[in-house]
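Descriptive analysis of the structure
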Amino acid sequence: MNALAMIDGVGRTFGTGRQAVVALHDATGTINSEDRIALVGRSGSGKSTLIWLLAGLDSPTRGTVTWPALGHPRGDPFLVGTVFQALSLVPTLTAIENVALPLVLHDVRRDEAHDAAMSALDLVGLAGVARQLPDELSGGQSQRVAVARVLACHPRLILADEPTGRIDHDAARGVLDALWAAADEVSAGLVVASHDPLVYERFPQRWRIRDGRVSVDGAPQ
Ligand SMILES: Nc1ncnc2c1ncn2[C@@H]1O[C@H](COP(=O)(O)OP(=O)(O)OP(=O)(O)O)[C@@H](O)[C@H]1O
Ligand SMILES: [Mg+2]
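For the structure given in this document, a descriptive report is provided here. (Residues numbered from 1 in each chain as written. Chains lettered and ligands numbered in written order. Predicted model: local features only at pLDDT ≥ 70, side-chain atom pairs only at ≥ 80, totals over all residues. Heavy atoms only, no water.)

Attention now goes to the coordination of the magnesium ion (ligand 2). Those donors, S48 (OG) and Q85 (OE1), are the protein atoms that reach the magnesium ion (ligand 2), and they lie 2.0 to 2.2 Å from it. Of the two residues, S48 is situated in helix α1 (residues 47-54) and Q85 in the loop between β5 (80-83) and α2 (95-105); the sequence distance between them amounts to 37 residues. With relative accessibility at 22%, the residue S48 sits in the partly exposed group. Note on Q85: relative accessible area 38%, which makes it partly exposed. (Donors = N, O, S within 2.8 Å, 3.2 Å for Na, K, Ca; no water. Helix = DSSP H or I, 4+ residues; strand = E, 2+ residues; numbered from the N terminus. Buried < 20%, exposed > 50% of the residue type's maximum accessible area, 1.4 Å probe, protein only.)

Structural data, given as C-alpha cells:
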C-alpha cells in the first residue's frame, strides 16, 4: 500500500543564528489510508508546524516530506484538505459560499459545488446558517464551517489543526464524528492536532510531540 504521506528525518527551524527556533527535530512517520492519528502536545510543541509540512504548504529545513500515493498535493484540496488553526474564512462570503469556494476555484459546476457545500454544512450541523456571513457566526460555528470546507472536497488526507479548540464538548464530538465519517467514506487518512483529551482518547493512533520531538505510538508503520 502506498503511503499518503511520509516524513523522514524532518526538522523545521524558524529564523537563523541566535533567533533560531527549532520547532521540529528529526521527525519520522508514515500516514496511510484509514489511519486515524491524534497529534498531541502542549502549546508550542510543534503541532501546527508539522501540519503545515504534511499539507505541503511549508518546507522542512532538514529531511524530506513525500506523498507517495498523492504525487505533489500542494494546494490541491481534493488530495489534502487542511482545517487551519486560524480558520481563514473569507469575510465577504456566506458560510455556504466559503465551503463551496475550493470547489468553484477548481472548476466544479456552481450547482454541484452548492450541493456539495450544503451536504458538508449539514454534516457539521450548520445547514441553518448557510446564508450567514462569518461575522454573524459564533467562533464554534466558524470552526465547523472551516471543517465543512475541507469535507466538501472529500480529500484523501484530512489534516485538522485544533478543530475542537473553540467549541464545547457536544459540538466537539459532532466535529470529530463528521471528520471521522468523511474520512471513512473515501478511506482517507485523518490527522487531528489537539491538546483536547476528547481527541486523543478517541484516536487509535497517537503521535506525541514534545518540544518538537515526535514519538509515534499505536501507529502501524
Ligand atoms: N513562523 C514562525 N516563526 C518563528 N517561530 C515560529 C513560527 N511558527 C512557529 N514558530 C515557533 O515554533 C514552535 C512551534 O510552534 P507551533 O505553532 O507548531 O506549536 P503548536 O504545537 O501548534 O502550538 P499551539 O498548541 O499553541 O497551537 C513555537 O516555539 C513557535 O513559537
Ligand atoms: Mg498550533
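So that's the structure; there's more coming.
Attention now goes to the environment of D196. As for its position among the elements, D196 is in the loop between β7 (189-194) and α6 (197-202). Classification of D196 as buried rests on a relative accessible area of 17%. Sequence-wise, D196 and A38 are 158 residues apart; in three dimensions their C-alpha atoms are separated by 9.9 Å.

Glancing now at the nonpolar core. Judged by nonpolar contacts, the single largest core of 45 residues is most densely connected at L151 and L179. Residue assignment for this core shows that the elements contributing at least two residues are β3 (36-40), α2, α3 (110-123), α4 (139-151), β6 (157-161), α5 (169-185), β7 and α6. Ranked by residue count, the leading element in this core is α5, at 9 residues. Aside from chain neighbours lying at most four places away, what touches L151 is A120, L123, V124, I158, A178, L179 and A182. (Core = buried A, V, L, I, M, F, W, Y, C linked by side-chain atoms within 4.5 Å. Contact = heavy atoms within 4.5 Å.)

Side-chain pairs of opposite charge can arise where the charged atoms are in close proximity. Summed over the entire model, instances satisfying the criterion amount to 5 salt bridges. Taking the shortest distance from any N to any O, the salt bridge between R36 and D184 comes out at 2.7 Å. One end of the pair, R36, is in strand β3; the other, D184, is in helix α5, and 148 residues separate them in sequence. Salt-bridge contacts for R109 lead to E112; the nearest nitrogen and oxygen are separated by 3.6 Å. Through salt bridges with shared partners, one network takes in R109, D111 and E112. (Salt bridge = Lys/Arg side-chain N within 4 Å of Asp/Glu carboxyl O.)

Looking now at the site of ligand 1. Around ligand 1 sit 14 residues, and of these S43, G44, K47, S48 and T49 come closest. At 3.0 Å from an oxygen atom of ligand 1 is found a main-chain nitrogen or oxygen belonging to G46. Within the side chain of T49, an N or O atom sits 2.6 Å from an oxygen atom of ligand 1. Relative to its unbound accessible surface of 630 Å², ligand 1 loses 61% to contact with the protein. Broken down by secondary-structure element, the contributors of at least two residues to the shell around ligand 1 are β2 (21-31) and α1. At 3 residues, α1 tops the list of elements feeding residues into the shell around ligand 1. (Near = heavy atom within 4 Å. Polar contact = N/O pair within 3.5 Å; in protein donor to acceptor, adjacent residues only side chain to side chain. Areas by Shrake-Rupley, 256 points an atom, 1.4 Å probe, with all protein chains shown as cover.)

Quick look at the packing of α2 against α3 now. At a minimum axis distance of 8 Å, the contact between α2 and α3 shows a crossing angle of 125°. Here α3 runs oblique to α2, going by the angle between their axes. Crossing of α2 against α3: the hand is right-handed. Contact residues: α2 offers A95, I96, V99, A100, L103 and V104, while α3 offers R110, A113, H114, A116, A117, M118, A120 and L121. (Axes fitted to C-alpha atoms, helices over the stretch in contact; angles between N-to-C directions. Parallel < 35°, antiparallel > 145°, perpendicular 65-115°, else oblique. Left-handed = near helix turned anticlockwise from the far one by under 90°.)

Another point: the pairing of β2. In this structure, strand β1 (residues 5-14) lies alongside β2, joined through 7 bridges in antiparallel fashion. Looking across to β2, one finds that T13 is bridged to V22. The antiparallel hairpin formed by β1 and β2 contains 6 residues in its connecting segment, where G15 sits at a positive phi of about 75°. (Pairing = 2+ DSSP bridges.)

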